Amino acid sequence: MNAKHFFTHPAGIATGSIGATILWGSAYPTLKRSYEELGIDGTDWFEQFLFAGYRFTLAGLLIFLFMMVIREPLRYRQGSLKSIVSLGLVQTVLQYVFFYTGLAHSSGVFGSVIAGMISFFSMVLAYFTDSSERFTRNKVIGLILGIAGLLFLALPQAIRHGWNQAFGVGEWLLLAAALCAGLGNVLSKRAVTSYPVAYVNGYQMIVGGMALIIVGGLVDGFMPFHWTPAAIVLLVYSAIISSAGFIVWNYVMKYNSVGSTASYLFLTPVYGVILSALFLNETIGIAVIASLTAVCAGIIIINRRADQKQGVANSVRVR
């Protein structure tokens, strides 16, 4: 069975999407543990960038190793520089500058739920940049539920301090990261239709990772960390999260529309919340449960077969 046949089959789409979101969901407790192990606190912004640079450069090298195993050439593909640089800037540098800084000022549970907004941003941006994308009734309802989940998460803080203080700086930075991730999905969709998935992801991670290393290293030095065995394991696993997650996810997106696959990203916060609670001993309160319930309901509605039929009907309409 070739990649196209597998990733266009409903079982293949579900397997690839769920596998990627489990990996990404595990990123939240992994990174929080990494910060603890390396002594990185919320004020160590450039150390956060440096760790992110190590992570993505290693992830890119792991993808290159994968390419060598499957005998895919590593050589530069003519005309791909613009796609690689733009993806490296948006999907690696900007997204993870916001993400790493935001996560240092927020909990793994909150960060996981906010990641569900990547679906919203992906669908909206795809609608405005791809004429083949359509908003169906089920997609709109699902997205509304996803937004409601975010509001449920903010409700306790809003009751105590007012809506203007419902989210702190960490949550706003994580939302900015979700916006960059959504834009990155749109850019990835375009890039992988012209170039191999592994090639695009490997080079954009190397470019983005090296940029983060330079930014962090020029300020705090290039070797500020004391690498314990646990810290090394966490770094390697975080690199595997990125390399394996992005390859699988972009294979799914290569053969399917952004609008139809982005809804699976709502699963990331579910896995992130569960894993953060298990490994970070973070509390799952009523607000988090209500938020996840809304998010899960959105996933179910967006992926109902009726939505697919409606999408076919809507695709013949002129916007």
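A quick note: this is a predicted structure, and the numbers were derived from the prediction, not measured.

**A closer look at a nonpolar patch on the surface**
Part 1 of the reasoning: A cluster of nonpolar side chains, W45, F46, I214, V215, L218, V219, F222 and M223, forms an exposed patch at the surface whose accessible area comes to about 800 Å².
Part 2 of the reasoning: Listed by contribution, the elements that provide at least two residues to the nonpolar patch are α4 (45–69) and α10 (197–220).
Part 3 of the reasoning: Per element, the largest residue contribution to the nonpolar patch is four residues, and it comes from α10.
Part 4 of the reasoning: Position of F222 relative to the elements: it lies in the loop between α10 and α11 (229–254).

**Concerning the pattern of salt bridges**
Part 1 of the reasoning: Under the counting rule described, the total for this entry stands at one salt bridge.
Part 2 of the reasoning: In this structure, E36 engages R33 in a salt bridge whose closest nitrogen and oxygen atoms are separated by 3.2 Å. Remark: R33 and E36 occur in helix α3 (residues 27–38); sequence separation between them is three residues, near one turn of the helix.

**Concerning helix α5 (residues 81–104)**
Part 1 of the reasoning: Taking 1.5 Å of rise per residue, the 24 residues of α5 would be expected to cover 34 Å, and the 33 Å separating its terminal C-alpha atoms lies within 8% of that figure.
Part 2 of the reasoning: Bending of α5 peaks at approximately 35 degrees at the position of Y96.

**What to know about empty space enclosed by the protein**
Part 1 of the reasoning: All chains considered together, the criterion is met by two cavities of 30 Å³ or more.
Part 2 of the reasoning: In this structure, the largest cavity occupies an estimated 300 Å³ of space.
Part 3 of the reasoning: Along the walls of the largest cavity sit 22 residues, with Y28, Q95, Y96, I118 and A181 positioned nearest its centre.
Part 4 of the reasoning: For the lining of the largest cavity, the element with the highest residue contribution is helix α9 (residues 169–192), accounting for five residues.
Part 5 of the reasoning: Partitioned by chemical class, the residues of the lining of the largest cavity number 16 nonpolar, five polar and one charged.

About the criteria used
- Throughout this document, residue positions are counted from 1 along each chain, in the order its sequence is written.
- Thresholds applied to this predicted model are a pLDDT of at least 70 for local features of residues and 80 or more for the giving and counting of side-chain atom pairs; totals over whole chains, interfaces and linings are not thresholded and use all residues.
- The basis for every side-chain value is the complete set of heavy atoms in the structure, and neither hydrogens nor water enter the calculation.
- Like charges within 9 Å and nonpolar side chains (Val, Leu, Ile, Met, Phe, Trp, Tyr) within 5 Å are joined into patches, using only residues over 30% in relative accessible area that form no salt bridge.
- Per-residue and other accessible areas were derived by the Shrake-Rupley procedure at a 1.4 Å probe size, with only the shown protein chains allowed to occlude residues.
- One side-chain nitrogen of Lys or Arg within 4 Å of one carboxyl oxygen of Asp or Glu is enough to make a salt bridge.
- The way it works is that DSSP assigns letters per residue, a run of H or I at least four long becomes a helix, a run of E at least two long becomes a strand, and they are numbered from the N terminus.
- Multiplying 1.5 Å by the residue count of a helix minus one yields the expected span of that helix.
- Here the bend at each residue means the angle between axes fitted to two seven-residue stretches, the one ending at that residue and the one beginning there.
- In the cavity and pocket records, a cavity denotes points on a 1 Å grid over the protein atoms alone where a 1.4 Å probe fits but cannot get out, a pocket denotes an open set with protein on both sides within 12 Å along at least 5 of 7 lines, and lining residues are residues with an atom within 4 Å of a point.
- Grid points are joined across faces, edges and corners, and a volume is the space filled by probe spheres set on the points.
- Throughout, the ten residues Ala, Val, Leu, Ile, Met, Phe, Trp, Tyr, Cys and Pro are labelled nonpolar, Asp, Glu, Lys and Arg are labelled charged, and all others, Gly among them, are labelled polar.

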